[in-house]
Amino acid sequence: MEAVTQALEFESRKLSLKSTNDRILASREAKTLILNLNELYKVNKDQSLMDLMKRLTAIKKKVESRLKMHVTI
């Protein structure tokens, strides 16, 4: 259940994301937490884990959308 506590801590953390590097690291951390929670969900089928994954996915999408706005090709 360490993954759950890490995910809750990540969710409650204030993300300042000033630099591109901060956004990339936050996105990667969110992805790792979501995958870890998914492994737990496969075993337990606990709805609270699914809700936590959905909230983390929303944060991850917001970070990635901000990341894509600043990337120029």
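A few points on the structure. What you see is a predicted model; the values in this text were computed from it and never measured.

Counting residues in each nonpolar core, the largest one holds 13 residues, and the members touching the most others are Val4, Ala7, Phe10, Leu37, Leu49, Leu52 and Leu56. Every element with two or more residues in this core is listed here: helix H1 (2-12), helix H2 (20-44) and helix H3 (47-70). The element contributing the most residues to this core is H2, with five residues. Once residues within four sequence positions are removed from consideration, alanine 7 is found in contact with Leu33, Leu37, Leu52 and Leu56.

Attention now moves to H2. The terminal C-alpha atoms of H2, which comprises 25 residues, lie 36 Å apart, in line with the 36 Å expected from a rise of 1.5 Å per residue. Considered for burial, the residues of H2 that qualify are Arg23, Ala26, Ser27, Ala30, Leu33, Ile34, Leu37 and Tyr41. Downstream of H2 by a residue or two, lysine 45 has a phi angle that is positive, lying close to 55°.

Before going further, it helps to spend a moment on the pattern of salt bridges. Scanning the entire structure with this criterion turns up five salt bridges. Among the ionic pairs, glutamate 9 bridges to arginine 13, the shortest N-O distance being 3.1 Å. Assessed through its relative accessible area of 31%, arginine 13 is described here as partly exposed. Ionic pairing is found between arginine 13 and glutamate 29, a salt bridge with its closest N-O pair at 3.0 Å. Here the residue arginine 13 occupies a position in the loop between H1 and H2, and glutamate 29 occupies one in helix H2, the gap between them amounting to 16 residues. For glutamate 29, a relative accessible area of 29% corresponds to the partly exposed category. Via salt bridges that share partners, Glu9, Arg13 and Glu29 belong to a single interconnected network.

Cut-offs applied
Residues numbered from 1 in each chain as written. Predicted model: local features only at pLDDT ≥ 70, side-chain atom pairs only at ≥ 80, totals over all residues. Heavy atoms only, no water. Core = buried A, V, L, I, M, F, W, Y, C linked by side-chain atoms within 4.5 Å. Buried < 20%, exposed > 50% of the residue type's maximum accessible area, 1.4 Å probe, protein only. Helix = DSSP H or I, 4+ residues; strand = E, 2+ residues; numbered from the N terminus. Contact = heavy atoms within 4.5 Å. Expected span 1.5 Å × (residues − 1). Salt bridge = Lys/Arg side-chain N within 4 Å of Asp/Glu carboxyl O.

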